[in-house]
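# Architecture and fold: a report
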Amino acid sequence: MNATTRHLSRQIRAAMDALDDISIDVGHYHISLANAAWMVLVITAALAFGMLGGRVARRTLRRVGGLDPARQVLGEKLLTLMIWAFAFFATIDQLGISLTAFTVFSGAFGLAIGFGLQKTFGNMIAGIILLMDRSIKPGDVIAVTNGTTNTMGVVNRIGVRAVSVTTLDNREYLIPNENLMTSQVENWSFSSRQVAVSIPVSVASDSDIDAVEALLLQAAQRVPRVLADPPCSVLVINLGPGAIDMTVSCWIIDPEHGIGAIRSAVLKNTWALFREHGVTIPYTQTDLHLGDSEGLRRLVQALEHTSVAANESPDH
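This section reports on the structure supplied with the text. (Residues numbered from 1 in each chain as written. Predicted model: local features only at pLDDT ≥ 70, side-chain atom pairs only at ≥ 80, totals over all residues. Heavy atoms only, no water.)

This part takes up the overall build of the chain. Summing up its helical and strand segments, the chain has nine helices and nine strands in all. Within the span of the chain, comprising 316 residues, buried residues form 28% of the whole. (Helix = DSSP H or I, 4+ residues; strand = E, 2+ residues; numbered from the N terminus. Buried < 20%, exposed > 50% of the residue type's maximum accessible area, 1.4 Å probe, protein only.)

Have a look at this one:
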């Protein structure tokens, strides 16, 4: 067995010497095929260690109890950065590269970070800050704007560059972390998941306000998603010449499912109850007032003449 091992060792050494003979000299550096093969092997091992270590760290943190989503994601990111940093410096050490060699490229590398990678590093730091102060975390419901309207969405994950938000219509927005740091964000579930939904309703001006209020409360309480505590409420907003404007407010605890369905259900129940109890909804009415003028008088006279002529015809 020892002889076999020595023979195999001699063969490996001979193969390494043969690979080392295939080389070129660049200045003071001797680059051979053996060195290149060793470099590829070390870099491959470092990449595999970084990916495997990051995956193991994520799975380990997910099994740890007592961590909210924000702390869990923050821990995953910090552990992943530490593992990749260890893999990088271990690779440098195994390849025998002195860190002082990087001083030659420090100026160009600094300019690259300052100009080309500024946004990337800014978004990475912004993502870590968001996770540290827990202002936005996975599972939160925030308002996403597309430039004209606001759409509610659920935060799926906070990545290195952007936050992934999925809306109710299954559209996924990738919002840069810096945007969430520097602009106003509407977080519907930051401190509590209970959200109030307001639905405006108008009734005819001769309606019984107390009866209408009771019907609106009944319509809201019939919706399964509406909470019993806090209770629903009705407010009179305006007393107009032809309508009474009111608002019914109800509370939900699942804003990630949207508020459009709540408004629709409450309005449907309201319509059915109004028809059942004879409550009318005001219709738009426009009164047209014509001023006295010579042209208007001539028009009226012509219409009267036409009407008289039609009544005196033989057909009538």
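Now that the structure has been shown, the text picks up again.
With that settled, consider the pairing of strand β5 (residues 162-167). Across the six residues that make up β5, a large majority, six, are buried. Side chains Ala162, Ser164 and Thr166 of β5 all project onto a buried face; the interleaved residues Val163, Val165 and Thr167 project onto the opposite face, where all are buried too. In terms of strand pairing, strand β4 (residues 150-158) meets β5 through five bridges, oriented antiparallel. By the bridge assignment for β5, Val155 is matched with Val165. Once β4 ends, the chain turns through three residues before running back antiparallel as β5. (Pairing = 2+ DSSP bridges.)

With that out of the way, let us pick up the pairing of strand β8 (residues 233-239). Two elements, β8 and strand β9 (residues 243-252), share six bridges in a ladder whose sense is antiparallel. Directly across from Leu239, in β9, lies its bridge partner Ile244. In sequence, β8 turns back onto β9 through a hairpin of three residues.

This brings us to the sheet that holds β9. Sheet strands pair by backbone hydrogen bonding; their relative direction is either parallel or antiparallel. An order of β7-β9-β8 is seen for the three strands of this open sheet, with the pairing classed as antiparallel. Of all the strands in the sheet, the pair left with one neighbour each is β7 (195-204) and β8. Neighbour-to-neighbour, the strand axes of the sheet open up by a mean angle of 25°, direction not taken into account. The sheet contacts of helix α7 (residues 209-221) involve β7, β8 and β9, and relative to β9 the element is tilted by about 30°. Against the sheet, helix α8 (residues 260-277) touches β7 and β9, its axis set at about 30° to β7. (Axes fitted to C-alpha atoms, helices over the stretch in contact; angles between N-to-C directions. Contact = heavy atoms within 4.5 Å.)

Our next topic: α7. Count 3.6 residues to each turn of an α-helix, and residues three or four apart come out pointing the same way. In a regular helix each residue adds 1.5 Å, so 13 residues correspond to 18 Å; α7 covers 18 Å between its end C-alpha atoms and thus fits that length. Where α7 is concerned, the buried positions are Val212, Leu215, Leu216, Ala219 and Ala220. For α7, the arc enclosing every buried residue in end-on projection is 135°, short of the 170-degree limit, so these residues lie on one face. Exposed positions of α7 whose direction lies more than 90 degrees from the buried face are Asp210 and Gln221. (Expected span 1.5 Å × (residues − 1). Arc of directions from axis to C-beta.)

Another aspect to go through is the packing of α7 against α8. In the contact formed by α7 and α8, the axes pass within 8 Å of each other and the chain directions differ by 140°. By the angle class used here, α7 and α8 are oblique. Note that α7 runs across α8; the crossing there is right-handed. For the pair formed by α7 and α8, the contact residues are Val212, Leu215, Leu216, Gln218, Ala219 and Ala220 on the first element and Val266, Asn269, Thr270, Leu273, Phe274 and His277 on the second. Looking at the contact of α7 with α8, its residues break down into eight nonpolar, four polar and no charged. (Parallel < 35°, antiparallel > 145°, perpendicular 65-115°, else oblique. Left-handed = near helix turned anticlockwise from the far one by under 90°. Nonpolar A, V, L, I, M, F, W, Y, C, P; charged D, E, K, R; others polar.)

Here we come to the environment of Ser249. Relative to the elements of secondary structure, Ser249 occurs in strand β9. Placed 50 residues apart in sequence, Ser249 and Ile199 show a C-alpha to C-alpha distance of 6.4 Å. Polar contacts involving the side chain of Ser249 include one to the side chain of Ser198, which spans 3.4 Å. (Polar contact = N/O pair within 3.5 Å; in protein donor to acceptor, adjacent residues only side chain to side chain.)

This part takes up a nonpolar patch on the surface. Together, Met39, Ile43, Leu47, Met51 and Trp84 make up a nonpolar patch on the protein surface, roughly 460 Å² of accessible area in all. Sorting elements by how many residues they give to the nonpolar patch places helix α2 (residues 33-63) first, with four residues. Within the secondary structure, Trp84 sits in helix α3 (residues 69-94). (Patch = residues over 30% accessible without salt bridge, like charges linked within 9 Å, V, L, I, M, F, W, Y side chains within 5 Å. Areas by Shrake-Rupley, 256 points an atom, 1.4 Å probe, with all protein chains shown as cover. Salt bridge = Lys/Arg side-chain N within 4 Å of Asp/Glu carboxyl O.)

Here we take up the pattern of salt bridges. Within this structure, the stated rule accounts for three salt bridges. Between Arg193 and Glu256 there is a salt bridge, and its shortest N-O distance comes to 2.5 Å. On the criterion of sequence distance, the pair formed by Arg193 in the loop between α6 (177-182) and β7 and Glu256 in the loop between β9 and α8 is long-range, its members being 63 residues apart. Of the residues examined, Arg193 reaches a relative accessible area of 31% and is grouped as partly exposed.

Here the focus is the state of the cysteines. In a disulfide, the sulfur atoms of two cysteines are held together by a covalent bond. Summed over all chains, the structure comprises zero disulfides. Sulfur of Cys232: no disulfide; nearest cysteine sulfur belongs to Cys250 and is 5.2 Å away. Classification of Cys232 by relative accessible area gives buried; the value is 12%. (Disulfide = S-S within 2.5 Å.)

Core analysis: the biggest nonpolar cluster contains 29 residues, and Leu216, Cys250 and Phe274 have the highest contact counts within it. Secondary structure elements with two or more residues in this core: β3 (141-145), β7, α7, β9 and α8. Apart from the residues within four sequence positions on either side, Phe274 is in contact with Val201, Val203, Val212, Leu215, Leu216, Val279 and Ile281. In terms of nonpolar packing, the next biggest core, distinct from the first, is built from 12 residues, Leu130, Ile142, Val144 and Ile158 among them. (Core = buried A, V, L, I, M, F, W, Y, C linked by side-chain atoms within 4.5 Å.)

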